[in-house]
Amino acid sequence: MGSQLNEHASAKSYKDAICDMGYIFYKRFSHIYYFIDFVFNISPLGRKQKQYLEIVHGFTKRVIKERKEYREKNKIADDDIDMNEVTYVYSKKKRTAMLDLLIQAEKEGQIDETGIQEEVDTFMFEGHDTTASGLTFCFMLLANHEDAQKKIFEELIEICDDSKRPITLEDLPKLKYLERCIKESLRLYPPVHFISRNLNEKVTLSNYEIPAETFCHVHIYDLHRHPDLYENPNDFDPDRFLPENSVGRHPYAYIPFSAGPRNCIGQKFAMMEMKVAVARVLREFELKPVTRPSDIKLITDLILRNDGPVEVTFVKRLQT
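It should be emphasised that the depicted structure is a prediction, and the values quoted were computed from it without experimental measurement.

(A) How the structure looks around the packing of aromatic side chains. Per the counting criterion, the structure on display carries 9 aromatic pairs. Ring geometry for F29 and F194: centres 5.9 Å apart, planes at 80 degrees, overall edge-to-face. Here F29 is found in helix α1 (residues 11–30), whereas its partner F194 is found in strand β1 (residues 194–198), with 165 residues between them in sequence. Assessed through its relative accessible area of 39%, F29 is described here as partly exposed. One aromatic cluster is present, built from ring pairs that chain together Y33, Y34 and F40. Lying over the aromatic face of Y230, R187 brings its terminal NZ or CZ to 4.9 Å of the ring centre. Across the ring face of F241, the terminal group of R249 is positioned such that the distance to the ring centre comes to 5.5 Å.

(B) Examining the nonpolar core more closely. Core analysis: the largest hydrophobic core is formed by 39 residues, its most contacted members being L142, I152, Y189, V278 and L287. Breaking this core down by element, the ones donating at least two residues are α6 (129–143), α7 (146–160), α8 (176–188) and α11 (267–284). With residues up to four places along the chain from it excluded, the contact list for I152 reads L142, Y177, L178, C181 and L282. Core analysis: the second largest hydrophobic core is formed by 20 residues, A11, I24, L102 and M124 among them.

(C) Representation of the packing of helix α3 (residues 44–73) against helix α4 (residues 98–107) within the structure. Where α3 contacts α4, the axes come no closer than 11 Å and their chain directions differ by 80 degrees. Taken together, the axes of α3 and α4 lie roughly perpendicular to each other. Every residue of α4 that contacts α3 at V63, I64, R67, K68 and R71 is listed here: L99, D100, I103, E106 and K107. Of the residues in the contact of α3 with α4, the class split is 4 nonpolar, no polar and 6 charged.

(D) Looking closely at the layout of surface pockets. Taken as a whole, the second largest pocket holds about 600 Å³ of empty space. Taken together, 19 residues make up the lining of the second largest pocket; nearest its centre are R197, L199, L205, C216 and V218. Sorting the residues of the lining of the second largest pocket by element identifies β1, β2 (203–205) and β4 (215–219) as the ones contributing at least two each. Its residues assigned to classes, the lining of the second largest pocket comprises 11 nonpolar, 6 polar and 2 charged.

(E) Seen up close, the pattern of salt bridges. Here the structure, examined in full by the defined rule, presents 15 salt bridges. Where R187 meets E184, a salt bridge forms, and the shortest distance between an N and an O atom there is 2.8 Å. Of this pair, R187 and E184 both sit in helix α8, 3 residues apart, which is roughly one turn of that helix. Assessed through its relative accessible area of 0%, R187 is described here as buried. Residue E184 pairs with R240 through a salt bridge whose shortest N-O separation is 2.9 Å. Note that E184 is positioned in helix α8 and R240 in the loop between α9 (220–224) and α10 (243–246), a separation of 56 residues in sequence. Given a relative accessible area of 7%, R240 falls into the buried group.

The rules behind the values
- Residues numbered from 1 in each chain as written.
- Predicted model: local features only at pLDDT ≥ 70, side-chain atom pairs only at ≥ 80, totals over all residues.
- Heavy atoms only, no water.
- Phe/Tyr/Trp six-rings, centres within 6.5 Å; stacked < 30°, edge-to-face > 60°.
- Helix = DSSP H or I, 4+ residues; strand = E, 2+ residues; numbered from the N terminus.
- Buried < 20%, exposed > 50% of the residue type's maximum accessible area, 1.4 Å probe, protein only.
- Lys NZ or Arg CZ within 6 Å of the ring centre and 35° of its normal.
- Core = buried A, V, L, I, M, F, W, Y, C linked by side-chain atoms within 4.5 Å.
- Contact = heavy atoms within 4.5 Å.
- Axes fitted to C-alpha atoms, helices over the stretch in contact; angles between N-to-C directions.
- Parallel < 35°, antiparallel > 145°, perpendicular 65-115°, else oblique.
- Nonpolar A, V, L, I, M, F, W, Y, C, P; charged D, E, K, R; others polar.
- 1 Å grid on protein atoms, 1.4 Å probe; cavity = no way out; pocket = protein on both sides within 12 Å on 5 of 7 lines; lining within 4 Å.
- Points joined across faces, edges and corners; volume = space filled by probe spheres on them.
- Salt bridge = Lys/Arg side-chain N within 4 Å of Asp/Glu carboxyl O.

Here you go:
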């Protein structure tokens, strides 16, 4: 977005409001009387949601306003941004913030101010909470599987040669084993553990006819641990994602980012982000287990969370 959360005094209030909104969503999902808008809106939960939305929308409005002011102050012209370039860079070879693209699109009449705010809300929420959850469980699993850690470190040394050299975009596709570890972590602990869809047409599943306009939940956590799809489904085994071991697997057997036309728009970025984070940590530290997989007690929320902290010990690697 071109803005750092920690630069804003209200960032903590924003993060807390996002977290509390997840609890409200869960309560509304699980209590049928809250499905009625009027009942929900006059309830204590409805009033709390209104307060949290004011915090969230107020924060994103400030981010948009400050970015527009920054562009004006620094005389960033619209023709500095090439909307057709996949890499989205300034002609002066500076990275273009996504918010700049949205602001330019607004000037061209392709989106309005409300549309910009909705996009910013989506990326600011989905872009930090889900990745944080994914990294938390990934570090926990790697701490409990020393052999996987060792293989990742050896792969990093092989690809980067000098272990102090920063990871580059060109390095990321080469980190095949690291990618398999992250995929296996997302299989066992998908940050978005369920998705919902409204059926547009009648569907038959396992000889049951489900009428159109039915609101359905897809439980990704359970799907990823189904023994008909994965042998020893509760075991951490990154080699499940070797090409030869993936042959014949149903394309929708693994959907940590959903699937189809409504899949996660930030899927590739999220994988890049997790790769860089894990690689950076494992080049500097060995992970030792504190929390074990058997200690995990999941709570009900929009994002997969443990009931309490997930702890890992970081041991500084000896420089050779």
